[in-house]
Every structure is written in C-alpha cells, then in structure tokens.
Amino acid sequence: MLTVLLDPMQVTDLGRIASHYYVTHHTIATYNEHLKPTMGDIELLRLFALSDEFKYIIVREEEKLELAKLIDRVPIPVKEALDEPTAKINILLQVSCVFVSLLTSYTAQSRVQADAGQLWLCFYEKSVTSVYSVQ
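Residues numbered from 1 in each chain as written. Predicted model: local features only at pLDDT ≥ 70, side-chain atom pairs only at ≥ 80, totals over all residues. Heavy atoms only, no water.

Trainee: I keep staring at the overall build of the protein and nothing clicks. Help me out?
Mentor: Each helix and strand counted, the protein has six helices and zero strands in total. Written out in order from the N terminus, the α and β elements of the protein read α-α-α-α-α-α. For the protein, the residues scored as buried account for 38% of the 135 residues in total. A sequence separation of at least 24 residues applies to 62% of the contacts in the protein between residues at least 6 apart. With an accessible surface of roughly 8,900 Å², the protein has 60% of that area assigned to carbon and sulfur atoms. (Helix = DSSP H or I, 4+ residues; strand = E, 2+ residues; numbered from the N terminus. Buried < 20%, exposed > 50% of the residue type's maximum accessible area, 1.4 Å probe, protein only. Contact = heavy atoms within 4.5 Å. Areas by Shrake-Rupley, 256 points an atom, 1.4 Å probe, with all protein chains shown as cover.)

Trainee: Is there a simple way to explain helix H2 (residues 25-34) in this structure?
Mentor: Three or more residues of H2 are buried, namely Thr27, Ile28, Thr30 and Tyr31. Around the axis of H2, the buried residues are gathered within 155 degrees of arc, so they sit on the same side. Across from the buried face of H2, at angles greater than 90 degrees, the exposed residues are His25 and Glu33. (Arc of directions from axis to C-beta.)

Trainee: Would you explain the nonpolar core in this entry?
Mentor: Nonpolar side chains in soluble globular proteins generally cluster together in the buried interior. Grouped together as the largest cluster of nonpolar side chains are 20 residues, with contacts concentrated most on Tyr31, Phe48, Phe54, Val112 and Cys122. Where this core is concerned, the elements lending two or more residues are helix H1 (13-20), H2, helix H3 (41-49), helix H5 (85-97) and helix H6 (106-129). (Core = buried A, V, L, I, M, F, W, Y, C linked by side-chain atoms within 4.5 Å.)

Trainee: Would you take a moment to explain the environment of Glu84 for this structure?
Mentor: Turning to its location among the elements, Glu84 is positioned in the loop between helix H4 (64-71) and H5. Spatially, the C-alpha atoms of Glu84 and Ile58 are 7.8 Å apart, while their sequence positions differ by 26 residues.

Trainee: What exactly am I supposed to notice about the pattern of salt bridges here?
Mentor: For side chains of opposite charge, pairing can occur when their charged atoms come near one another. Summed over all chains, the structure comprises six salt bridges. Across the pair Glu61 and Lys64 runs a salt bridge whose closest N-O atoms are separated by 3.4 Å. When its relative accessible area of 59% is taken as the criterion, Glu61 is described as exposed. Its relative accessible area of 23% is what places Lys64 among the partly exposed residues. Through salt bridges with shared partners, a single ionic network connects Arg60, Glu63 and Lys88. (Salt bridge = Lys/Arg side-chain N within 4 Å of Asp/Glu carboxyl O.)

Trainee: Just checking my understanding: could you explain the confidence of the model for the protein for this structure?
Mentor: Should the pLDDT be low somewhere, the predicted coordinates at that spot are not to be read in detail. With 75% of its residues at a pLDDT of 70 or more, the protein has an overall mean of 79. The weakest mean pLDDT in the protein belongs to H6 at 71; the strongest belongs to H3 at 90. (pLDDT = per-residue confidence, 0-100.)

Trainee: In this structure, what is going on with the environment of Leu14? I would like to understand it.
Mentor: By the secondary structure assignment, Leu14 is in helix H1. Considering only alpha carbons, one finds Leu14 and Tyr31, 17 residues apart in sequence, at a separation of 9.7 Å. If near-sequence neighbours (up to four positions away) are discounted, Leu14 is found in contact with Ile28, Asn32 and Lys126.

Trainee: How should I be thinking about the environment of Ser96 in this particular structure?
Mentor: Structurally, the position occupied by Ser96 is in helix H5. Judged by its relative accessible area of 10%, Ser96 falls in the buried class. When the C-alpha atoms of Ser96 and Val112 are compared, they prove to be 8.2 Å apart, with 16 residues separating the residues in sequence.

Written out as structure tokens, the structure is:
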C-alpha cells in the first residue's frame, strides 16, 4: 500500500476572489501585479483591458474607422493606439456605459458588457482585500 503525504491545501484571498467572480488565474495575477492605490481612471481602464477574458478580442480593419470616431467622444482618454486590442476594449467599455450600440463591433461589445460587471467586482474586492486598503 502506497501512502502519500500531502500538505494541507490553503485558500488564498486571490484564489477565492478569482473563483467567486469566475475570472482566470492570469487575470487575478495581472491585477495583483499591477493594481496600485494611486492609479487613476486611465490606468484602471488600461489594467481592466489587460484581463485575460478579453484575449481573443482583436481589432478588425473595418472597425478602425468607427473606433477612431469614438475615441474622441469617450469621457476618459484612451492612450493606446487604435490597432491595439486594449484600446478597443477600453473604448467599448466606456461606450457600453452610455448604452450606445455599435454595429461593426457588436460581438466584442456584448463580450465586454457581459464580462465587465464581474471584472469590476473582482477589481473592487481585490482592492478592498489588498494590503493597500485602509484598515
């Protein structure tokens, strides 16, 4: 008979947050690495756009014109180039907050809208449980 001694498993705050909000371990690791208490709106939206849940969103050629029109109309400036998926995610997130529907980016927009609530709650809980939170 083979006896295997296993270390007891420990639940971590990051693992609990990731499983509670159904985010990948890559996303929660990215948040853990980059989330700082002094981040502004621009940096938070950039970090949000780096979420692993959006890794398959790409910028298509036919969307660039529409994204170029929207980049000047969003309330928080987007610093990335329009060719970058993070810029598209950032724009779609801000546009979805004002309930505008885009025809060419409909699938990506619905994906961002669907994941945004969970990811923002995850962001919030990560911030509250981090060492930066006020006790």
